[in-house]
Amino acid sequence: MLELTMASVSGAEAGATAGMLMAEAPSEPGAVLRVGRDANVCRLVTPDDWLFVSRTHLEFRCGPDGAWSVAWLRGSNPDPASEVRVLSGGAARPLAYGGVAPLSRGGSGEVVIQDRSGPRSVNVGFYHEG
């Protein structure tokens, strides 16, 4: 089972959180959870006017062995308007545009989408049951 929580945070609003959303999926091969602006394909949807987030920005996918990974999907722009990093086990690792990172079993952490042009971020917390 993978559980996700998402908060959209804007520093322009003195650290105000725009909203908290939750989603979960069983650890079955092929299970997918997406994060982005497009409510038609994403389980966790960011504010529509936050253009630093792609229509489909992140994809959490369960592999054949039941292990989860997160991918930063390439959008229509050659250079992204955001940066993505994975925080887990006390370490922060940047996720490359178009890159994939494994999520440790029985672990928790956060994937942060940071706007390059302002103090806004989308924080997606995760817990991957062992």
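Scroll up a little and you will see the structure.
Residues numbered from 1 in each chain as written. Predicted model: local features only at pLDDT ≥ 70, side-chain atom pairs only at ≥ 80, totals over all residues. Heavy atoms only, no water.

Turning our eyes to something else, we now look at the layout of surface pockets. Taken as a whole, the largest pocket holds about 270 Å³ of empty space. In this structure, the largest pocket is lined by 17 residues; those nearest its centre are Ser-54, Arg-55, Gly-75, Ser-76 and Asn-77. Looking at the lining of the largest pocket, its residues break down into seven nonpolar, seven polar and three charged. (1 Å grid on protein atoms, 1.4 Å probe; cavity = no way out; pocket = protein on both sides within 12 Å on 5 of 7 lines; lining within 4 Å. Points joined across faces, edges and corners; volume = space filled by probe spheres on them. Nonpolar A, V, L, I, M, F, W, Y, C, P; charged D, E, K, R; others polar.)

Turning to its location among the elements, Ser-82 is positioned in strand S7 (residues 82-88). At a separation of 3.5 Å, a polar atom in the side chain of Ser-82 contacts the side chain of His-57. In this structure Ser-82 touches Phe-52, His-57, Trp-72, Ile-113, Gln-114 and Arg-116, once residues within four positions along its chain are discounted. (Helix = DSSP H or I, 4+ residues; strand = E, 2+ residues; numbered from the N terminus. Polar contact = N/O pair within 3.5 Å; in protein donor to acceptor, adjacent residues only side chain to side chain. Contact = heavy atoms within 4.5 Å.)

Here we come to the pairing of strand S11 (residues 120-128). Burial runs high along S11: seven of the nine residues are buried. In the sheet, strand S1 (residues 2-10) pairs with S11 via nine bridges, with the strands oriented antiparallel. By the bridge assignment for S11, Met-6 is matched with Val-124. The pairing of strand S10 (residues 107-115) with S11 spans eight bridges and is antiparallel. Paired with Ser-108 across the two strands is Tyr-127, which belongs to S11. (Buried < 20%, exposed > 50% of the residue type's maximum accessible area, 1.4 Å probe, protein only. Pairing = 2+ DSSP bridges.)

Turning our attention to the pattern of salt bridges. Opposite charge on two side chains allows them to pair when their charged atoms are near. Tallied over the entire structure, the rule returns four salt bridges. For Arg-34, the salt bridge identified is with Glu-59, shortest N-O distance 2.9 Å. Residue Arg-34 is found in strand S3 (residues 32-36), and its partner Glu-59 is found in strand S5 (residues 58-62); the two are separated by 25 residues along the sequence. Between Glu-83 and Arg-116 there is a salt bridge whose closest N-O contact spans 3.5 Å. On the criterion of sequence distance, the pair formed by Glu-83 in strand S7 and Arg-116 in the loop between S10 and S11 is long-range, its members being 33 residues apart. With a relative accessible area of 43%, Glu-83 lands in the partly exposed category. When salt bridges with common partners are traced through the structure, they connect Arg-34, Glu-59 and Arg-61 into a single cluster. (Salt bridge = Lys/Arg side-chain N within 4 Å of Asp/Glu carboxyl O.)

This part covers the nonpolar core. Proteins that are soluble and globular tend to have nonpolar side chains buried together. Counting 29 residues, the largest nonpolar core has Leu-58, Phe-60, Val-70, Val-111 and Val-124 as its most contacted members. Once residues within four sequence positions are removed from consideration, Val-70 is found in contact with Leu-58, Glu-59, Phe-60, Val-86, Leu-95, Gly-99, Val-100, Ala-101, Leu-103 and Val-111. (Core = buried A, V, L, I, M, F, W, Y, C linked by side-chain atoms within 4.5 Å.)

Attention now goes to the packing of aromatic side chains. Each aromatic ring pair is specified by the distance between its two centres and by the angle formed by the two planes. By the definition in use, this model includes two aromatic pairs. Ring plane angle 35 degrees and centroid distance 5.4 Å describe the contact between Trp-50 and Phe-52, whose orientation is recorded as tilted. You'll find Trp-50 and Phe-52 in the same group, each marked buried. A ring pair is formed by Trp-72 and Tyr-97, whose centres lie 5.0 Å apart and whose planes are at 65 degrees; its orientation type is edge-to-face. In this pair, Trp-72 sits in strand S6 (residues 68-72) while Tyr-97 sits in the loop between strand S8 (91-95) and strand S9 (100-102), placing the two residues 25 residues apart along the sequence. The residues Trp-72 and Tyr-97 share a single accessibility class, namely buried. Just above the ring of Trp-50 sits the side chain of Arg-120; from NZ or CZ to the centre is 5.1 Å. (Phe/Tyr/Trp six-rings, centres within 6.5 Å; stacked < 30°, edge-to-face > 60°. Lys NZ or Arg CZ within 6 Å of the ring centre and 35° of its normal.)

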